Amino acid sequence: YATLARGYKAGGFNIGEFIPENLLEFDPEYLWNLETGVHLRNAASTLSADLAVFYMWRIDEQVSASYQVDPGDPLSYVFYTSNAANGRNYGLEASLAWRVRPTLLLDATLGLLGSEYLDYQYGDRNLDGREQASAPPYQYSLSAEWGQGQGWTARADLTGCASFYFDTSNDQKSNPYMLV
């Protein structure tokens, strides 16, 4: 399959007594997305695979931002929505499911993501080329599920994620993690 789609996210306004007048409103965001992929299934339905690659172009990207009202009080933050200039996201998503036996299913997923702000100035910081917030470069999962069909099942999952920026207001990143 292949798709070309245009998306739209409405503009709006921020509420709060400490929001400066120049940040009260934010513009709509537009998105162009090009995606192509393939779905594969074998005749016995014991093996399935999906693969997709995508490229997104974001115009007036909406971002979550913040600022500290009182520099002496670290708890005096105001959060608001604003527009970055533009952004780009691209990547790959893949999944594989294999029913090894009628009682055993193995599953794997992988997501690879590249993202960046384009021509974005946040206060005195130039974020041009920086990864977007909440956009980890990779995520993956592996799982095994056993079930007898009489209501008893057992499942084990392994999930992993790369570090990512929490928001546009600072350079703080999450730690990469793996959960079992």
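Here the structure is shown first, and the text comes after it.
Below, the structure is looked at part by part.

Criteria and cut-off values
- Residues numbered from 1 in each chain as written.
- Predicted model: local features only at pLDDT ≥ 70, side-chain atom pairs only at ≥ 80, totals over all residues.
- Heavy atoms only, no water.
- Helix = DSSP H or I, 4+ residues; strand = E, 2+ residues; numbered from the N terminus.
- Rg over C-alpha atoms; globule rule 2.2 N^0.38 Å.
- Salt bridge = Lys/Arg side-chain N within 4 Å of Asp/Glu carboxyl O.
- Buried < 20%, exposed > 50% of the residue type's maximum accessible area, 1.4 Å probe, protein only.
- Phe/Tyr/Trp six-rings, centres within 6.5 Å; stacked < 30°, edge-to-face > 60°.
- Pairing = 2+ DSSP bridges.

## Some thoughts on the overall build of the protein
Right, so step 1: What the protein contains, in helices and strands, is zero helices and 14 strands.
Right, so step 2: Ordered by position from the N terminus, the helices and strands of the protein form the series β-β-β-β-β-β-β-β-β-β-β-β-β-β.
Right, so step 3: Taken against the 2.2 N^0.38 rule, which gives 16 Å for 180 residues, the C-alpha radius of gyration of the protein at 21 Å runs more than 25% over that of a compact globule.
Right, so step 4: When the backbone C-alpha atoms are referred to their principal axes, the protein occupies close to 65 × 40 × 25 Å.

## Focus on the pattern of salt bridges
Right, so step 1: In the structure shown here, the tally under the stated rule is eight salt bridges.
Right, so step 2: With its nearest N and O atoms 2.6 Å apart, the salt bridge here joins R88 to E116. Of this pair, R88 sits in strand β8 (residues 86-101) while E116 is found in strand β9 (residues 104-118), placing the two residues 28 residues apart along the sequence.
Right, so step 3: Classification of R88 as partly exposed rests on a relative accessible area of 24%.

## Describing the packing of aromatic side chains
Right, so step 1: By the definition in use, this model includes seven aromatic pairs.
Right, so step 2: Seen in terms of ring centroids, Y8 and Y30 are 5.3 Å apart; in terms of plane orientation they differ by 50 degrees. Their pairing is tilted. With Y8 in strand β1 (residues 2-9) and Y30 in strand β4 (residues 29-41), this residue pair connects regions lying 22 residues apart in the sequence.
Right, so step 3: On the accessibility criterion, Y30 (25% relative accessible area) is partly exposed.
Right, so step 4: Look at Y117 and Y120: their rings are 5.2 Å apart centre to centre, the planes differ by 55 degrees, and that puts the pair in the tilted class.

## Here we look at the pairing of strand β13 (residues 153-161)
Right, so step 1: Of the strand pairs in this sheet, strand β12 (residues 138-147) and β13 are connected by nine bridges, and their pairing is antiparallel. Bridge pairing in β13 places E145 opposite R155.
Right, so step 2: As consecutive antiparallel partners, β12 and β13 are separated by five residues, and within that stretch G149 has a phi angle of approximately 90 degrees, a positive value.
Right, so step 3: Where β13 and strand β14 (residues 177-179) come together, three bridges link them in antiparallel fashion. If you follow G160 over to β14, its bridge partner there is M178.

## Structural notes on unusual backbone geometry
Right, so step 1: The backbone phi angle of D60 is positive, close to 55 degrees, even though this residue is not glycine.
Right, so step 2: Secondary-structure assignment places D60 in the loop between β5 (47-59) and β6 (62-68).
Right, so step 3: Assessed through its relative accessible area of 29%, D60 is described here as partly exposed.
Right, so step 4: With a phi close to 55 degrees, D119 is a non-glycine residue in the positive phi region.
Right, so step 5: Counting through the fold element by element, D119 comes out in the loop between β9 and β10 (121-122).
Right, so step 6: Among the residues examined, D119 registers a relative accessible area of 60% and is labelled exposed.

What is shown is where atoms sit, not what they do.
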